[in-house]
Amino acid sequence: MKIQDLYIEKTDCCGCGMCVNVCPSKIIQMAEDQEGFLYPEIIDQENCFNCKLCLKVCPLKDESSRESEFIDFYAGSYKSDKVTVSCSSGGLATAIEVAFIKNGGIVYGAAYSIDCKRNEYIRVDRVDDVERLKSSKYSQADKNDIYKRLETDLKTGSKCLFTGLPCDVLAVKNYFSKYSDYLYTIELVCHGPTSNKVQKEYCEMVEKKLGSSVYSFSTRYKRNGNWKPYYIKACTKNGKEFKEPYLESSYGSAFRYLKRHSCYVCNIKDSKLAGDLMIGDYHYVEDGMKGYNRCGVSSAMSHNEKGNELVHLVGDDFNLIHIPRKNALANGAIHHPISAPEGYRKYREVFVANGILAAHKLSFVRRSNFKRKINAFVMNYGLKIKRLIFPDSRPVD
């Protein structure tokens, strides 16, 4: 087995890390490239058994005739605005995870490291610790030993819920297929992650501004309780807070211009999704429609009865409704990969050479961000005016 068998181009690797987990010789490790993304490397070629287990578990090499579909569609938010505000959208993932643990299960999901400079998968078996799983994570989560911990739990017959990006979910479903009776999975609507190097550099920029270490971070802070527009919020140990509009931030630019290479050609979309349930923001909803909440609304699309089982775990403190299929599936990221923006190669060059702030100052990045800001403003207020003048134009809910 050679490194080119694992991947030839960077578009051939999604960074799930399952190849590291399955290697019986323990000769594969994940190494960070200049952009901050992790890729597998073989560190001891002579001890390779050529078992090819690493190739068999790779989700991008998956050649199965998998054909998934969506069977039911939901939306909702917590009845308590205070709780909804603490979540990225309506809090459906949180509600499911809390209920899953209360029913004796174990949850696996992404959380920020203690210093907030990395995103990583963690194991949670206490309701209080679900708090760490809240807030959208825009950088790709490190796997560390999470697959080993998941396997240990599954072997004991514990019910486990794994929440992650579609590629990670597919890797988990493929490798742990023999534990399907105990394994539940939630895939997140994915626009492609940026790298943990972005996360680290942004937090270091905040620390330099505020003169103290970051201990709390969110890319989806709800200013004045409003779901949109998104804000970034970081809190430091000296009691100071840093806030800025996400669309105007260097982090927002990085998320657009510095995604993992495989994300631009991802085929784990639509009928090739592998999870039991998909969760995202219910962007289609607007004021006046059933289920609308200015503090945020989640959408959920179940692939099977296990997905429905997860949705219906939520209790009376959550407002859950059925929604039309076309409303739930209106997000293009469910169906196809996000295209690389013009200038992304130049952005990456500058990012590697000079960092996130220098890349953010590129003229084409500034122009693009300004246009996005204007478009968001026009769409928001233009839509409100349209609904006032033409009430019948409101979508059917």
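Anyway, here's the lowdown on the structure attached to this text.

Let us now look at helix 5 (residues 92-102). Most of helix 5 sits inside the fold, with 10 of its 11 residues counted as buried. Every buried residue of helix 5 is listed here: Leu 92, Ala 93, Thr 94, Ala 95, Ile 96, Glu 97, Val 98, Ala 99, Phe 100 and Ile 101. One or two steps after helix 5, the chain reaches Gly 104, where phi turns positive at roughly 95°.

Here we take up the nonpolar core. As a rule of thumb, nonpolar side chains are buried together in soluble globular proteins. Grouped together as the largest cluster of nonpolar side chains are 89 residues, with contacts concentrated most on Met 18, Phe 176, Tyr 202, Phe 217, Met 301 and Tyr 347. Among the elements that make up this core, the one with the highest residue count is helix 8 (residues 196-210) (6 residues). Once you skip the residues sitting within four places of it in the chain, Met 301 turns out to touch Phe 70, Asp 72, Phe 73, Val 189, Leu 277, Met 278, Ala 328, Leu 329 and Ile 334. Within the second largest apolar cluster, 26 residues are counted, among which are Ile 96, Val 98, Leu 161 and Leu 277.

Where burial is concerned, most of helix 7 (residues 166-175) is hidden: 7 out of the 10 residues are buried. Within helix 7 the residues assigned to the buried category are Pro 166, Cys 167, Asp 168, Val 169, Leu 170, Ala 171 and Val 172. Contacts from the buried residues of helix 7 go to helix 2 (18-22), strand 5 (119-124), helix 6 (146-155), strand 6 (160-164), strand 7 (183-188) and strand 11 (277-281).

Let us now look at the packing of helix 9 (residues 250-257) against helix 12 (residues 344-354). Two elements in contact, helix 9 and helix 12, have axes separated by 10 Å at closest approach and are oriented at 125°. When the axis of helix 9 is compared with that of helix 12, the two are oblique. As helix 9 packs across helix 12, the resulting crossing turns out to be left-handed. Every residue of helix 12 that contacts helix 9 at Ser 250, Ser 253, Ala 254 and Tyr 257 is listed here: Tyr 344, Tyr 347 and Arg 348.

This part takes up the packing of aromatic side chains. For the structure shown, the criterion picks out 19 aromatic pairs. Considering the side-chain rings of Tyr 202 and Phe 242, the 6.3 Å spacing of their centres and the 70° angle between planes classify their relative orientation as edge-to-face. Of this pair, Tyr 202 sits in helix 8 while Phe 242 sits in strand 10 (residues 241-245), and the two are 40 residues apart along the sequence. Phe 242 matches Tyr 202 in its accessibility class, with the two residues each being buried. Among the aromatic residues, those joined into a ring-pair cluster are Tyr 112, Tyr 202, Phe 217, Phe 242 and Tyr 251. Between Lys 259 and the ring centre of Phe 255, over which it is positioned, the NZ or CZ distance is 3.5 Å. For Lys 306, the ring lying beneath its charged end belongs to Tyr 184, and the centroid distance is 4.6 Å.

Spatially, 8 strands are ordered 5-4-6-7-11-12-3-13 in an open sheet, and the strand pairing comes out mixed. Strands with a single pairing partner mark the edges of an open sheet, and in this sheet they are strand 5 and strand 13 (318-322). Within the sheet, the average angular offset between the axes of one strand and its neighbour, ignoring direction, is 25°. Pairing of strand 7 with strand 11 involves 3 bridges; the strand directions are parallel. Counterpart to Leu 188 in the pairing with strand 11 is Ile 279.

To continue, consider the state of the cysteines. In the structure shown here, the tally under the stated rule is 0 disulfides. Cys 23 takes part in no disulfide bond, and the closest cysteine sulfur, belonging to Cys 51, lies 6.3 Å away. The buried category is assigned to Cys 23, whose relative accessible area is 9%. No disulfide involves Cys 203; its sulfur sits 5.7 Å from the nearest other cysteine sulfur, which is in Cys 116. For Cys 203, a relative accessible area of 0% gives the class buried.

Calculation rules
- Per chain, residue numbering runs from 1 following the sequence as it is written.
- Where local features are concerned, this predicted model is filtered to residues with pLDDT of at least 70; where side-chain atom pairs are given and counted, the filter is 80 or more; whole-chain, interface and lining totals use all residues.
- As a rule here, side-chain values cover all heavy atoms of the structure and leave hydrogens and water aside.
- A simple rule labels every residue: compare its accessible area, found with a 1.4 Å probe on the protein chains alone, to the largest value its type can have, and call it buried under 20%, exposed over 50%, or partly exposed in between.
- What counts as a helix is a DSSP run of H or I of at least four residues, what counts as a strand is a run of E of at least two, and both are numbered from the N terminus.
- For our purposes a nonpolar core is just a set of buried Ala, Val, Leu, Ile, Met, Phe, Trp, Tyr and Cys residues, chained together by side-chain atoms within 4.5 Å.
- Whether two residues touch is decided by their heavy atoms; if any such pair falls within 4.5 Å, the residues are in contact.
- Helix axes are fitted only over the stretch in contact, all axes being lines through C-alpha atoms; the angle between N-to-C directions runs from 0 to 180 degrees.
- Roughly parallel means an angle under 35 degrees; roughly antiparallel, over 145; roughly perpendicular, 65 to 115; everything else is oblique.
- We call a crossing left-handed when the near helix sits turned anticlockwise from the far one by less than a right angle, and right-handed when that turn is clockwise.
- Pairing of aromatic rings covers Phe, Tyr and Trp, the last counted by its six-membered ring, and requires centre-to-centre distances within 6.5 Å; plane angles under 30 degrees mean stacked, over 60 mean edge-to-face, and any other angle means tilted.
- Placement of a charge over a ring requires the Lys NZ or Arg CZ to be within 6 Å of the ring centre, with the centre-to-atom vector within 35 degrees of the ring normal.
- Should DSSP find at least two bridges between two strands, the strands are regarded as paired.
- Here, the term disulfide refers to a pair of cysteine sulfur atoms separated by no more than 2.5 Å.

These figures capture arrangement, not role.
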